[in-house]
Amino acid sequence: AQKITQTQPGMFVQEKEAVTLDCTYDTSDPSYGLFWYKQPSSGEMIFLIYQGSYDQQNATEGRYSLNFQKARKSANLVISASQLGDSAMYFCAMREGRGAQKLVFGQGTRLTINP
Amino acid sequence: NAGVTQTPKFQVLKTGQSMTLQCAQDMNHNSMYWYRQDPGMGLRLIYYSASEGTTDKGEVPNGYNVSRLNKREFSLRLESAAPSQTSVYFCASSEVLGRVTNEKLFFGSGTQLSVL
């Protein structure tokens, strides 16, 4: 079974609009962490945001926020006021347990921001 | 600020050839990782090293070996390359301090490997 599922292969959004990228996860470990990474066309992996399973509040980092719904096992990324530079692949990833950060990645969502 | 440095950036091999991908980090991180990314897919963990002197298999270890040479360096070796190993390879590192669990991975820029 997929541990991380990203159901949106591609999304197209107008500049300055908000966008939500979906991510659902599957784990029986009570201790886990959820990450979002951005991969622009240049190929590097850029960390965006982290949510821990015990965190009481949704994580926020500038224009990025994570809509964490633990009971539904979802961790959607919200980008406010999208910019042309946000066009990229976005990956949701999960770490189970503690210790080394062995991340399991979803297949990604390709986000295109239209001017 | 070098961060995580991978070499080479591009490599073409013939089936059966061997090669080693090099990775070094200058952030004094304890843990290092090797991932592969196939077209249209997310990254999959090949091997990791939680700390200097230890290595463990990840999700897709077959056909690979690793060496944690010292705290800075973690190499990935393909002993007999196969076309199925055509992929982009990413090295990463992270700090793991006791109960701290939100340490992000820092990635290298990747190695594009083609096996003909």
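S.K.: Give me the lowdown on the overall build of chain A, citing residues and values where you can.
M.R.: In terms of regular secondary structure, chain A is built from 0 helices and 12 strands. Going residue by residue from the N terminus, the α and β elements of chain A occur as β-β-β-β-β-β-β-β-β-β-β-β. Expressed as lengths along the three principal axes of its C-alpha atoms, the size of chain A is roughly 40 × 25 × 20 Å. Residue pairs at least 24 apart in sequence account for 55% of intrachain contacts in chain A once pairs closer than 6 positions are excluded. With the model as given, the accessible surface of chain A reaches about 5,400 Å², and the carbon-plus-sulfur share is 48%. One finds the centroid of the 11 positive side-chain charges in chain A at a distance of 4 Å from the centroid of its 10 negative side-chain charges.

S.K.: Outline the interface of chain B and chain A, listing residues and values.
M.R.: The partner chain A presents 18 residues to the 21 residues of chain B that form the contact. At the boundary of chain B with chain A, total buried surface from both sides reaches about 1,800 Å², with 60% on carbon and sulfur atoms. Remark: the boundary between chain B and chain A carries 0 salt bridges. Linking chain B with chain A are 4 residue pairs in polar contact (both at pLDDT 80 or more). Put simply, the parts of the chain that give the side of chain B that touches chain A at least two residues each are strand S4 (31-37), strand S5 (43-49) and strand S9 (87-94) of chain B. Element by element, the count of residues in the side of chain B that touches chain A is highest for S4 of chain B, at 4 residues.

S.K.: Could you give an account of the pairing of strand S1 (residues 4-7) of chain B, naming the residues involved and the relevant values?
M.R.: In summary, the side chains of a regular strand alternate between the two faces of the sheet. Residues and elements named next belong to chain B. Residues Val4 and Gln6 of S1 are buried on one face, while the alternating residues Thr5 and Thr7, pointing to the opposite face, are not. Of the strand pairs in this sheet, S1 and strand S3 (residues 19-25) are connected by 4 bridges, and their pairing is antiparallel. Bridging across to S3, Thr7 finds its partner in Gln22.

S.K.: An account of the state of the cysteines is requested, with residue identities and associated values reported.
M.R.: Residues and elements named next belong to chain B. Throughout the structure, instances matching the rule amount to 2 disulfides over all chains. The partner cysteine of Cys23 in its disulfide is Cys91, sulfur to sulfur 1.8 Å. Across the S-S bond of Cys23 and Cys91 the torsion is about -75°, and the bridge reads as left-handed. Taken together, the residues span a long stretch of sequence, with Cys23 in strand S3 and Cys91 in strand S9 at a distance of 68 residues. Residues Cys23 and Cys91 agree in their burial class; the two are buried.

S.K.: I'd like a description of the sheet that holds strand S7 (residues 64-68) of chain B, backed by residues and values.
M.R.: Residues and elements named next belong to chain B. In space, the 4 strands of this open sheet follow the order S1-S3-S8-S7, with antiparallel pairing throughout. In the strand order of this sheet, the two ends are held by S1 and S7, each with one partner. Taking the axes of each pair of neighbouring strands and ignoring which way they run, one obtains an average angle of 15° across the sheet.

S.K.: Could you give an account of the pattern of salt bridges, naming the residues involved and the relevant values?
M.R.: Within this structure, the stated rule accounts for 6 salt bridges over all chains. When the shortest N-O distance is used, the salt bridge between Asp86 of chain A and Arg63 of chain A registers 2.8 Å. Here the residue Asp86 of chain A occupies a position in the loop between strand S9 (74-79) and strand S10 (88-96), and Arg63 of chain A occupies one in the loop between strand S7 (60-61) and strand S8 (64-69), the gap between them amounting to 23 residues. One salt bridge in this structure joins Arg77 of chain B and Glu79 of chain B, with 3.1 Å as the shortest N-O distance. On the accessibility criterion, Arg77 of chain B (30% relative accessible area) is partly exposed. In this structure, a network of salt bridges that share partners links the residues Arg36, Asp38 and Arg44 of chain B.

Criteria and cut-off values
Residues numbered from 1 in each chain as written. Chains lettered and ligands numbered in written order. Predicted model: local features only at pLDDT ≥ 70, side-chain atom pairs only at ≥ 80, totals over all residues. Heavy atoms only, no water. Helix = DSSP H or I, 4+ residues; strand = E, 2+ residues; numbered from the N terminus. Contact = heavy atoms within 4.5 Å. Areas by Shrake-Rupley, 256 points an atom, 1.4 Å probe, with all protein chains shown as cover. Lys, Arg positive; Asp, Glu negative; His and termini not counted. Charge placed at Lys NZ, Arg CZ, Asp CG, Glu CD. Buried area = accessible area lost by both parts, 1.4 Å probe. Salt bridge = Lys/Arg side-chain N within 4 Å of Asp/Glu carboxyl O. Polar contact = N/O pair within 3.5 Å; in protein donor to acceptor, adjacent residues only side chain to side chain. Buried < 20%, exposed > 50% of the residue type's maximum accessible area, 1.4 Å probe, protein only. Pairing = 2+ DSSP bridges. Disulfide = S-S within 2.5 Å. Axes fitted to C-alpha atoms, helices over the stretch in contact; angles between N-to-C directions.

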